[in-house]
Each structure stands twice: as C-alpha cells, then as structure tokens.
Amino acid sequence: MNSNKPAYNNRLGLKGWVYAGKYTFERYLYLGHRLTGMGLIAYMLLHIIETANRMRGVEAWEGLMALFASWPFRIIEYLLFAAAVFHAMNGVRLLMTELGFFLGKPKEPVYPYSSSIKRHRPLTYIIMGLAGLIIILGGSSLFFP
Amino acid sequence: MRETRLWSWHLLVIPIIAVLLGAHFAVMHYAPVFYGVSVDKAREFETMIERGKSVTQLVLYILLLAAALYHGLYGLRGIIRELPMTPALGKIVDTSIICLGLFIFAFGTYVTWWTFSFKIGG
C-alpha cells in the first residue's frame, strides 16, 4: 500500500458537517458542539495569553479590565458563556448516550422500527431547554449586575 | 488500545473542568451573585493577586489548565484528523498539537506561579 495516499476518503469534507441529506436535530447539536468546542479552545488559548498581562504591572492589567468592561466585550463574554453552557449541557447528553443511559433496552427490530435516538429525544429536549434557561439567567446576571 | 485510553481521559477530565470552570465563572464573572462583590472589584489587580497567593488556587488553576487543555486539544485533534490526510501528515498534526499544548501549559503555569509568588509592594 502506498503510504502517501490518504488513509480514507472523507468525500464531503467540511461541507458534510452542515448538509448531506436529511439531518436530525441531534446532528445539528453535533455541529453546534464542534463549533462551540473550537471557539472555546481558541478563546482559552487567547485567554491565557491575555491574562498574562498582569506581569506587565497594575496599569496594564487595569487597562485591560477596563476594556473588558466595555459593551462590545461584555457581549463577547456573554456569547462565550452561552457557548460554554451549550457545550457542557450537550456534553452531558453525549456522556449519557456514551454510557448507555436513557436509550431503552435492546429489542427485536420489528417494523415500524423505533430508534434509540427517538427514545432519547425527550431527554435531549429537556437538556437543551435547561441549557437555554441557564443561558438566559446567566445573561441577566452579566448585563444587569 | 492507545486511542481508547486517550478517549477515556477525554471523558474523565470532564467533571474536573465542570467543577473548576464553574468555580472560575463564579469568582470572575458572577461575583455579585456568589460573593456579593462587584465584578470590577473581583477583577482588581490587588484582589486578583490576593486570590492568586492561595496554594489551593495555585493547584486548582494548574489542574484546570491541564484538564481543559487536554480536553480541548484532544477534541481539536479529532476534528482535524477526520479530514483526509496522509499518515505522515497525521503525525505532524499530532506532534504539533502536543507541542502547542505543552507550550501553553508551561506558559499558563508560569503565569499562575508568578501570581502566587508576587511580592506585594516589592
């Protein structure tokens, strides 16, 4: 085998993340999980570099904090908070799936088939509802201290 | 087996991140709700240094740094490695991500240690 050839062919590449036929609600949660995950890791790397500003002294630190207290940065901070909450709550759902909770017992595949995803969906709605609630409540504390 | 171990660690660090990141949010972003002090006060230089001089904070922040970096960079590696690439390129991706993680971990630890050992008025 030629080792210079790709290990496998990911035919749709990045486009396949968004659309490759009919995607379910869970598939879009998967997309959101990836996008928020990449946003959070990018922010984390920047956050570590930016908070190192403390080593440049009080003025540099206070100047940076004043910048973060401005409205554009408060909105960015809120979006990050929302991304973290969504990622965490969807992560809880994924962990439960990974560990086999709320999927129902295996049974004979008799038509009309019931998929484990459908059995899992009420939990998905509850978790996403909770995430929405936390995001709204978190915003109220961030914008109206 | 190696991939299973890496994946297991990816899951095992989640509770650490959940607890410590939650605490970080409470201290830095929701101080009025949890501590009754304004966000501005929580972010003042003196307050930040005072907090950073605690051994508990030193240890917990380094633990959060390690856990979050591992979880995030392992996830990023999974996304990148899904794209079509040669095994050689895959190795370059892996090595780059490890180097980035080690560099950021070392830098973050140094900043945390700098705060811990900062001498007020010195």
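A. Expanded view of the overall build of chain A. Looking only at helices and strands, one finds five helices and zero strands in chain A. Put simply, chain A runs from its N terminus to its C terminus through helices and strands in the order α-α-α-α-α. The buried share among the 145 residues of chain A stands at 8%. Taking the intrachain contacts of chain A between residues at least 6 apart in sequence as the baseline, contacts between residues at least 24 apart amount to 67%.

B. Looking closely at the overall build of chain B. Each helix and strand in chain B was counted, giving seven helices and zero strands. Order of helices (α) and strands (β) in chain B, N terminus to C terminus: α-α-α-α-α-α-α. In summary, chain B has a C-alpha radius of gyration of 18 Å against a globular reference of 14 Å for 122 residues, an excess of more than 25%. Projected onto its principal axes, the C-alpha positions of chain B cover 55 × 35 × 25 Å. Expressed as a percentage of the 122 residues in chain B, the buried residues total 16%. For chain B, the proportion of contacts with a sequence separation of at least 24, taken over those separated by at least 6, is 67%.

C. Highlighting the nonpolar core. Counting 15 residues, the largest nonpolar core has V85(A), I17(B), L64(B), L65(B), A67(B), A68(B) and L69(B) as its most contacted members. Every element with two or more residues in this core is listed here: helix 2 (25-51) and helix 4 (71-98) of chain A together with helix 6 (55-82) of chain B. Excluding residues that lie within four positions of it along the chain, L65(B) makes contacts with F105(B), G108(B) and T109(B).

D. Representation of the interface of chain B and chain A in the model. Facing the 31 residues of chain B at the interface are 30 residues of chain A. Every element with two or more residues in the side of chain B that touches chain A is listed here: helix 2 (14-28), helix 3 (31-34), helix 4 (39-42), helix 5 (45-52), helix 6 and helix 7 (87-116) of chain B. Taken together, the residues of the side of chain B that touches chain A break down into 21 nonpolar, seven polar and three charged.

E. Region of the structure containing unusual backbone geometry. Residues and elements named next belong to chain A. The step from Y111 to P112 runs through a cis peptide bond, and the omega angle for that step is -5°. Within the fold, P112 resides in the loop between helix 4 and helix 5 (116-143). In this model, F102 sits at a positive phi of 60°, which is unusual for a non-glycine residue. Along the chain, F102 falls in the loop between helix 4 and helix 5. In this structure F102 comes out as partly exposed when scored by C-beta crowding, with 16 C-beta atoms within 10 Å.

F. Quick peek at helix 6 of chain B. Its 28 residues give helix 6 of chain B an end-to-end C-alpha distance of 41 Å, which sits within 8% of 40 Å, the value for a rise of 1.5 Å per residue. Buried within helix 6 of chain B are the following residues: Y61(B), L64(B), L65(B), A67(B), A68(B), L69(B), H71(B), G72(B) and L73(B).

The rules we used
Residues numbered from 1 in each chain as written. Chains lettered and ligands numbered in written order. Predicted model: local features only at pLDDT ≥ 70, side-chain atom pairs only at ≥ 80, totals over all residues. Helix = DSSP H or I, 4+ residues; strand = E, 2+ residues; numbered from the N terminus. Buried ≥ 20, exposed ≤ 12 C-beta atoms within 10 Å, placed from the backbone. Contact = placed C-beta atoms within 7 Å. Rg over C-alpha atoms; globule rule 2.2 N^0.38 Å. Core = buried A, V, L, I, M, F, W, Y, C linked by C-beta atoms within 7 Å. Nonpolar A, V, L, I, M, F, W, Y, C, P; charged D, E, K, R; others polar. Expected span 1.5 Å × (residues − 1).

Bear in mind that shape data such as this cannot, by itself, settle questions of function.
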